[in-house]
Amino acid sequence: SAPNVEHECRWLSGWLPAWCPTSAVQLKEAEEKMLKCVRSPYHKQYVFISNGNKIWTLTFSQNLSQKTPLVLLHGFGGGVGLWALNYEDLCENRTVYAFDFLGFGRSSRPQFETDAELAENQFVESIEEWRQKIGFDRMILLGHNLGGFLAAAYSLKYPSRVKHLILVEPWGFPERPSSAEQERPIPVWIKALGAVLSPFNPLAGLRIAGPFGLSLVQRIRPDFKRKYSSMFEDDTVTEYIYHCNVQSPSGETAFKNMTVPYGWAKRPMLQRIAYMHQDIPITVIYGARSCIDGNSGTTIQSLRPNSYVKTVVILGAGHYVYADQPEDFNQKIKEICNSVD
């Protein structure tokens, strides 16, 4: 029954920290290793918001207050360290902020609402409280994956704060296909596995693996090591991703509550994007080799016929565009920023 599952999940989460070789200190050290090759000066701090929560923030400031700042929102399971290949280029002539979402990375990990709309709003309000505490009026808002979805949700609620919205391989835009013809056939074993794992969070397997979790990340995602090979020859990147994701689940639980099988959004953004203020320009960036459906940019354009919407495809890049082709990605983002001011 559901109460028993909840009890078992609580028992499991209480037991796992001792089983998983991780800690806040190890995450801090892993992040510092990720950032040690970034030569641009930056400031790091916790920004305190309501309910005793804090948002871990990096600021790359060029003291160019007249330029609109660029704010980077990471994707599911990510954190500020994954932008290591981008900071130097992007902060050349404007201030760049990056922070760990509430519930992810080194930010607070509170309990989120179980309702998808309320959980989404908790994320959105945490972004707005963070902006107020930092103290700027408007921003160029860039989000990858889940960060793209939340950047759009924020822009819907606080349009006066966004000068340009950049959606990089955004998650959660299309609706789950309703007909069998549209949806790719899902193998029976995946459906069975999904049924077994449905009470658990997406990354529960990583925590259950305990001391073997790091080697699991290295086996499942060897591509991450290759993406950052220009900066690191060792396992710095996989260690950072591991420590980001075996801490107490919080944002991960919220994400699970915002989805329906198999990874579709409960509240798809394409159902709402038409209501976004027409003066907010949107650029959608996809990797040419990504498995994510790249048609959302075209759909957004059709839903906002009187607004600026542009789709950019970056050759040779997959879902993690900013790490696959960092030079092309950085150049494109700088062009967008320069078009703002």
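Each remark here, short or long, concerns the structure printed above.
Residues numbered from 1 in each chain as written. Predicted model: local features only at pLDDT ≥ 70, side-chain atom pairs only at ≥ 80, totals over all residues. Heavy atoms only, no water.

> Hey, could you run me through the sheet that holds strand β10 (residues 309–314) in this one?
Reading across from one edge, β1-β2-β4-β3-β5-β6-β9-β10 is the order of the eight strands in this open sheet, with mixed pairing throughout. One side of each edge strand has no neighbouring strand; the edge strands of this open sheet are β1 (43–48) and β10. Put simply, the sheet's adjacent strands are angled 20 degrees from each other on average, direction ignored. As paired elements, strand β9 (residues 282–287) and β10 share six bridges and run parallel to each other. Residue pairing across strands places Thr283 opposite Lys310, the latter belonging to β10. (Pairing = 2+ DSSP bridges. Helix = DSSP H or I, 4+ residues; strand = E, 2+ residues; numbered from the N terminus. Axes fitted to C-alpha atoms, helices over the stretch in contact; angles between N-to-C directions.)

> Mind showing me how you'd approach empty space enclosed by the protein here?
Where empty space is left becomes clear once a probe the size of a water molecule has been rolled over the atoms. Counted under the stated rule, the structure contains one cavity of 30 Å³ or more. For the lining of the largest cavity, the elements supplying multiple residues, two or more each, are α10 (236–245) and α11 (251–257). (1 Å grid on protein atoms, 1.4 Å probe; cavity = no way out; pocket = protein on both sides within 12 Å on 5 of 7 lines; lining within 4 Å. Points joined across faces, edges and corners; volume = space filled by probe spheres on them.)

> So what exactly am I meant to see when it comes to the nonpolar core here?
One recurring pattern in soluble globular proteins: nonpolar side chains tend to sit buried together. Grouped together as the largest cluster of nonpolar side chains are 49 residues, with contacts concentrated most on Val71, Leu141, Leu146, Leu165, Ile273, Ile282 and Ile300. Every element with two or more residues in this core is listed here: β3 (70–73), β4 (96–99), α4 (116–134), β5 (139–145), α5 (146–157), β6 (162–170), α11 and β9. The element contributing the most residues to this core is α5, with seven residues. Once residues within four sequence positions are removed from consideration, Leu141 is found in contact with Val71, Leu73, Ala151, Tyr154, Ser155, Val162, His164, Leu165 and Ile166. Trp56, Val80, Phe224 and Tyr320 belong to the second largest nonpolar core, which has 47 residues in total. (Core = buried A, V, L, I, M, F, W, Y, C linked by side-chain atoms within 4.5 Å. Buried < 20%, exposed > 50% of the residue type's maximum accessible area, 1.4 Å probe, protein only. Contact = heavy atoms within 4.5 Å.)

> What should I look at first to understand α5 in this one?
Since there are 3.6 residues in each turn of an α-helix, residues three or four apart along the chain are aligned in direction. Across its 12 residues, α5 extends 17 Å between first and last C-alpha, which sits within 8% of the 16 Å expected from 1.5 Å per residue. Along α5, the residues classified as buried are Leu146, Gly147, Gly148, Phe149, Leu150, Ala151, Ala152, Ala153, Tyr154 and Ser155. In this fold, the buried residues of α5 make contact with β3, α4, β5, β6, α11 and β8 (264–265). (Expected span 1.5 Å × (residues − 1).)

> Teacher, can you tell me more about the pairing of β3 here?
Looking down a regular strand, the side chains alternate between one sheet face and the other. With burial as the criterion, each face of β3 is covered, one bearing Leu70 and Leu72 and the other bearing Val71 and Leu73. As paired strands, β3 and β4 are joined by four bridges and run parallel to one another. Looking at the pairing, Val71 lines up with Tyr97 of β4. Inspection of the sheet shows β3 paired to β5 by four bridges, in the parallel sense.

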